[in-house]
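# Working through the structure, step by step
Spelled out from the first residue to the last, the chains are:
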Amino acid sequence: MRRLSGRFRSALVIGLQGIRARKLRTLLSMVSLFLGVLAVVVVQAGASIAERALLANVELTNGIDGTKNLYVPPEPGAASAVLDTVEGRPDATAMIVLPAIIGEPGVRPVNEGAAPFDENWGSSGEICFPDGTCQPNPEPTGQAVEVRLTALTGDVRAFRPYRPYRPRHGQWLDFTTMPAMAPRLVLNLEAAKGFERYRVPAEMRVRGAIAHITPQFVGVIDDGDIQPRAYVRMDELVTWLPVNTLTDPGTGGELQVLMTGSTPVEQVLTSRLTGLGLQVGVQTVDSLERQEDELALIRLVFLAMAGLVLLIGVAGILNVGLATVGERIEEFALRRAVGTPRSLLAGIVLAETLLTGLLTAAAAIGVSVGGLKLVSMMLGDAEPFLQNMQYPWDAGLAGIVAGLIAGILGGFVPALRAARIPIASVMRA
Amino acid sequence: MTVLIDLTGITKVLKGQEQDRTILSGVDLTVRAGESVAIVGRSGSGKSTLLSILGLFDRPDEGSYLLAGQDISRLPERRAAKLRSSHFGFVFQRFFLLKHLTAAQNVAMALVNGQGWLPRRERRARVLEALDQVGIAHLAKNRPARMSGGEQQRVAIARALVRRPVVLLADEPTGALDTETGTAVIEALLAATTRGCGLVLVTHDRDHAARMDRTLDLVDGVLTERVRA
Ligand SMILES: Nc1ncnc2c1ncn2[C@@H]1O[C@H](COP(=O)(O)OP(=O)(O)O)[C@@H](O)[C@H]1O
Ligand SMILES: [Mg+2]
């Protein structure tokens with residue numbers, strides 16, 4: 001114990017003396033290593049952030065991992081069974097998607113088929129009927145916009161994390177108030193773009209509705225969908241659209257129920273719908289699992305590149321280390337002459353480079369933390385997922401590991417060399 | 001007086017590319033406590049080689065080496081390092097001071113060698129004592145660049161003395177100094193023998209050799225006692 005502490009203290013004193021005497025060299029080692037460690041940290045951080053961003057996008061369209069999606073075939077009677085079952089339940093939300101046209105009556109919408117506004121989905125100019133026959137649409141194209149009207153029985157955000165896009169654009173649907181006569185609509189980004197581009201009257205037509213509806217717009221959200229969408233409370237919609245027509249094949253609605261993983265609703269609904277003679281399908285969202293392999297590969301490729309940069313850094317630290325040992329040959333021979341064990345000398349050289357590696361890692365992590373802060377400050381408005389970004393701890397860990405490995409790789413050969421210096425030939429006059 | 005060093009039949013062969021060269025061939029040498037021994041000989045006769053065997057930098061190919069009665073002819077490096085620290089002090093022709101350290105730190109270097117640990121206060125006392133023994137305690141805080149050759153060599157002697165060695169080994173310590181400073185260095189080395197330390201001095205200087213208790217000639221790899229007039 002005493003011997004060990006004597007060795008350790010001696011090593012500490014000698015090592016610090018060595019670093020202090022060669023500040024510039026230590027700095028040069030750090031510079032050569034810095035880019036490599038920084039590359040590893042940035043790749044690791046970038047991969048983690050990209051993974052989060054990708055997942056966030058997928059969650060917008062598919063739902064949070066673990067969510068169950070139950071798809072209900074559009075048959076008469078299905079809608080009322082579903083709405084009955086999920087009513088008042090926080091662990092399940094029914095969602096129906098219908099085509100709706102907002103704007104001048106008697107004209108074809110500018111984006112027929114709810115196409116994105118910058119894309120032409122090649123409107124056929126035909127109207128097709130449930131019996132399969134089609135005929136030319138006599139209506140001219142006019143000031144109207146088609147959206148996918150999405151009616152919800154409850155706050156779908158438990159399953160799909162919509163973020164209010166720029167808070168000044170109103171609010172999300174409020175499911176706690178009394179239903180209003182004029183349905184309140186929340187638009188997605190694409191729909192908001194359409195309404196900004198085309199001035200259209202606020203009149204909404206939905207097939208099967210008992211009258212034209214006058215909606216009120218209350219907010220805009222980013223749902224990751226490239227098609228224009230409008231979200232509406234189910235109870236406000238059914239004032240105008242009888243429940244039994246919701247899943248009428250003529251209405252063209254798609255009905256699905258979003259549920260938490262372990263809700264009894266699944267069982268109840270399945271048996272009720274099966275009782276009606278309907279086939280239901282249930283899907284569980286597992287985006288992370290499915291993406292992980294792909295992401296891991298991308299991360300590996302980038303890490304390999306970063307490793308290459310790191311290797312160049314190691315070559316730099318090795319070069320400086322060897323030059324330093326060459327310069328210190330007399331010092332090491334002398335230290336051996338006065339009784340310093342060679343293992344201690346090797347340890348000191350290794351410890352000096354390890355310390356350099358760790359210092360470099362700390363610097364690289366500091367720079368990447370600062371960089372991330374800067375990026376999230378500057379781009380946070382445009383890319384919401386960059387707001388309040390947490391620093392990925394695995395990137396910090398990767399940086400430290402990279403620094404240590406570089407220190408070991410770059411210090412090992414110089415350490416061996418330091419241990420092998422013969423005393424006799426150096427001290428011979 | 002107690003025998004510190006007892007060499008018998010020490011042989012050292014240099015492995016050459018074409019043929020081996022015998023540098024030492026059967027060296028016998030005894031050094032007692034407080035005794036000073038001068039070794040003289042032509043350049044290249046093997047004096048430094050002999051010192052490096054004495055100081056455990058190198059091992060002999062044949063012969064026996066007893067240090068205070070213990071056979072250390074075939075010592076593993078770890079124990080050799082320990083003995084170098086505890087039993088020997090070295091002085092070379094070049095001073096081998098570390099230029100980024102002060103005189104005191106250069107002397108303390110022999111104490112900070114991983115062989116035991118002295119508290120800072122005790123270390124400082126030992127260092128000052130050693131510097132005082134060679135008469136340059138007042139230069140403790142100076143760096144080598146600001147000292148004369150004689151002063152630097154005395155720092156090196158203090159470094160050799162600070163562990164209170166049993167034997168001092170000096171390889172032409174005055175070779176790089178003028179006569180006057182050289183004499184002062186020899187005085188400092190001889191002073192150590194009055195405290196019971198053995199001294200082996202390799203020198204080309206007749207006067208310095210004459211001040212030792214004995215003078216040995218290294219000729220053709222063998223030591224012979226020079227009979228004094
Ligand atoms: N490392 C070495 N490689 C080759 N020859 C050496 C080496 N060390 C010493 N020698 C040779 O060994 C002989 C003795 O050297 P040395 O002990 O330094 O002599 P001295 O100190 O008496 O001048 C010399 O001829 C020298 O050339
Ligand atoms: Mg010599």
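Provided above is the structure to which this section pertains.
All of the points below concern the structure found in this document. (Residues numbered from 1 in each chain as written. Chains lettered and ligands numbered in written order. Predicted model: local features only at pLDDT ≥ 70, side-chain atom pairs only at ≥ 80, totals over all residues. Heavy atoms only, no water.)

Right, let's get into the overall build of chain A. The number of helices and strands found in chain A is 12 helices and 12 strands. Within chain A, the fraction of its 429 residues that count as buried is 46%. Sequence separation of at least 24 residues holds for 86% of the intrachain contacts in chain A that already meet a minimum separation of 6. For chain A, the computed accessible surface area is about 20900 Å², with 62% contributed by carbon and sulfur atoms. (Helix = DSSP H or I, 4+ residues; strand = E, 2+ residues; numbered from the N terminus. Buried < 20%, exposed > 50% of the residue type's maximum accessible area, 1.4 Å probe, protein only. Contact = heavy atoms within 4.5 Å. Areas by Shrake-Rupley, 256 points an atom, 1.4 Å probe, with all protein chains shown as cover.)

Now for the site of ligand 1. Taken together, Arg428 of chain A together with Leu14, Arg21, Ile23, Arg42, Ser43, Gly44, Ser45, Gly46, Lys47, Ser48 and Thr49 of chain B form the complete shell of residues around ligand 1. At the site occupied by ligand 1, the surrounding residues belong to chains A and B. Contacts to ligand 1 include Lys47 of chain B, whose backbone N or O atom sits 2.8 Å from an oxygen atom. Taken by itself ligand 1 offers 550 Å² of open surface, and the protein chains cover 65% of this. Looking at the shell around ligand 1 element by element, the count peaks at 3 residues for helix α1 (residues 47-54) of chain B. In terms of residue class, the shell around ligand 1 is made up of 2 nonpolar, 6 polar and 4 charged. (Near = heavy atom within 4 Å. Polar contact = N/O pair within 3.5 Å; in protein donor to acceptor, adjacent residues only side chain to side chain. Nonpolar A, V, L, I, M, F, W, Y, C, P; charged D, E, K, R; others polar.)

Backbone-to-backbone hydrogen bonds pair the strands of a sheet. The strands run either parallel or antiparallel. Residue and element names in this part refer to chain B. Strand order in the open sheet formed by 6 strands is β6-β7-β8-β3-β9-β10, and the pairing between neighbours is mixed. The outermost strands of the open sheet, each flanked by one partner alone, are β6 (88-91) and β10 (222-225). When strand polarity is set aside, the average angle formed by the axes of neighbouring strands in this sheet is 20°. Two strands pair when backbone bridges link them, and strand β9 (residues 214-219) and β10 are joined in this way by 4 bridges, in the antiparallel orientation. Its bridge partner being in β10, Leu218 is matched across the sheet by Leu223. Contacting β3 (36-40), β6, β7 (167-171), β8 (198-202), β9 and β10, α1 crosses the sheet at an angle of about 155° to β7. (Pairing = 2+ DSSP bridges. Axes fitted to C-alpha atoms, helices over the stretch in contact; angles between N-to-C directions.)

What follows deals with the nonpolar core. Grouped together as the largest cluster of nonpolar side chains are 94 residues, with contacts concentrated most on Ile5, Leu54 and Leu189 of chain B. Ranked by size, the runner-up nonpolar core spans 41 residues in total, among them Ala78, Ala92, Leu237 and Leu269 of chain A. (Core = buried A, V, L, I, M, F, W, Y, C linked by side-chain atoms within 4.5 Å.)

Relative to the assigned elements, Ala114 of chain A resides in the loop between β2 (92-103) and β3 (126-128). As a C-alpha pair, Ala114 of chain A and Arg229 of chain A span 115 residues in sequence and 8.1 Å in three-dimensional space.

As a further point, take the packing of aromatic side chains. The full count for this structure, using the stated rule, is 8 aromatic pairs over all chains. An aromatic cluster is present here, built from Phe57, Phe88, Phe90, Phe92 and Phe96 of chain B joined pairwise through their rings. (Phe/Tyr/Trp six-rings, centres within 6.5 Å; stacked < 30°, edge-to-face > 60°.)

Residue-level contacts link 29 residues of chain A with 27 residues of chain B. Three residues stand out in chain A for area buried against chain B, namely Leu334, Val338 and Met427 of chain A, and they jointly supply 20% of the buried area on that side. Summed over the shared surface of chain A and chain B, the number is 2 salt bridges. Salt-bridge contacts for Arg336 of chain A lead to Glu77 of chain B; the nearest nitrogen and oxygen are separated by 2.8 Å. For the interface between chain A and chain B, the tally reads 6 residue pairs in polar contact (both at pLDDT 80 or more). Contributing elements (two or more residues each) for the side of chain A that touches chain B: α1 (2-21), α9 (329-337), α10 (342-379) and α12 (423-427) of chain A. It is α1 of chain A that provides the largest number of residues to the side of chain A that touches chain B, a total of 10 residues. Among the residues forming the side of chain A that touches chain B, the class breakdown is 13 nonpolar, 5 polar and 11 charged. (Buried area = accessible area lost by both parts, 1.4 Å probe. Salt bridge = Lys/Arg side-chain N within 4 Å of Asp/Glu carboxyl O.)

Positionally, Arg336 of chain A belongs in helix α9. If we ignore the near neighbours within four places in the chain, the residues touching Arg336 of chain A are Arg342, Leu345, Ala419, Ile421, Pro422 and Ile423 of chain A together with Glu77 and Arg84 of chain B.

A word on the pairing of β8 of chain B. Residue and element names in this part refer to chain B. Among the 5 residues in β8, 5 count as buried, and that is most of the element. Pairing of β7 with β8 involves 5 bridges; the strand directions are parallel. Bridging from a neighbouring strand, Leu168 pairs with Leu199 of β8. Read from β7 through helix α6 (residues 179-194) to β8, the crossover connection turns out right-handed. (Right-handed = clockwise from strand over helix to strand, strands pointing away.)

Right, let's talk about α9 of chain A for a bit. All names here are of chain A. Counting buried positions along α9 gives 7 out of 9 residues, so the element sits mostly inside the fold. Taken together, the buried positions of α9 are Glu331, Phe332, Ala333, Leu334, Arg335, Arg336 and Ala337. Positive backbone phi, approximately 105°, marks Gly339, located one or two places after α9.

Another aspect to go through is the pattern of salt bridges. As enumerated under the stated definition, the model contains 28 salt bridges over all chains in all. Of the charged contacts, one joins Lys193 of chain A and Asp118 of chain A as a salt bridge, the two residues approaching to 2.9 Å between their closest N and O atoms. In this pair, Lys193 of chain A sits in helix α4 (residues 189-197) while Asp118 of chain A sits in the loop between β2 and β3, placing the two residues 75 residues apart along the sequence. On the basis of relative accessible area, Lys193 of chain A is assigned to the partly exposed category, the value being 29%. The salt bridge partner of Glu77 of chain B is Arg59 of chain B, with a shortest N-O separation of 3.6 Å. Within this pair, whereas Glu77 of chain B is found in helix α2 (residues 77-87), its partner Arg59 of chain B is found in the loop between α1 and β4 (62-67), the two being separated by 18 residues in sequence.

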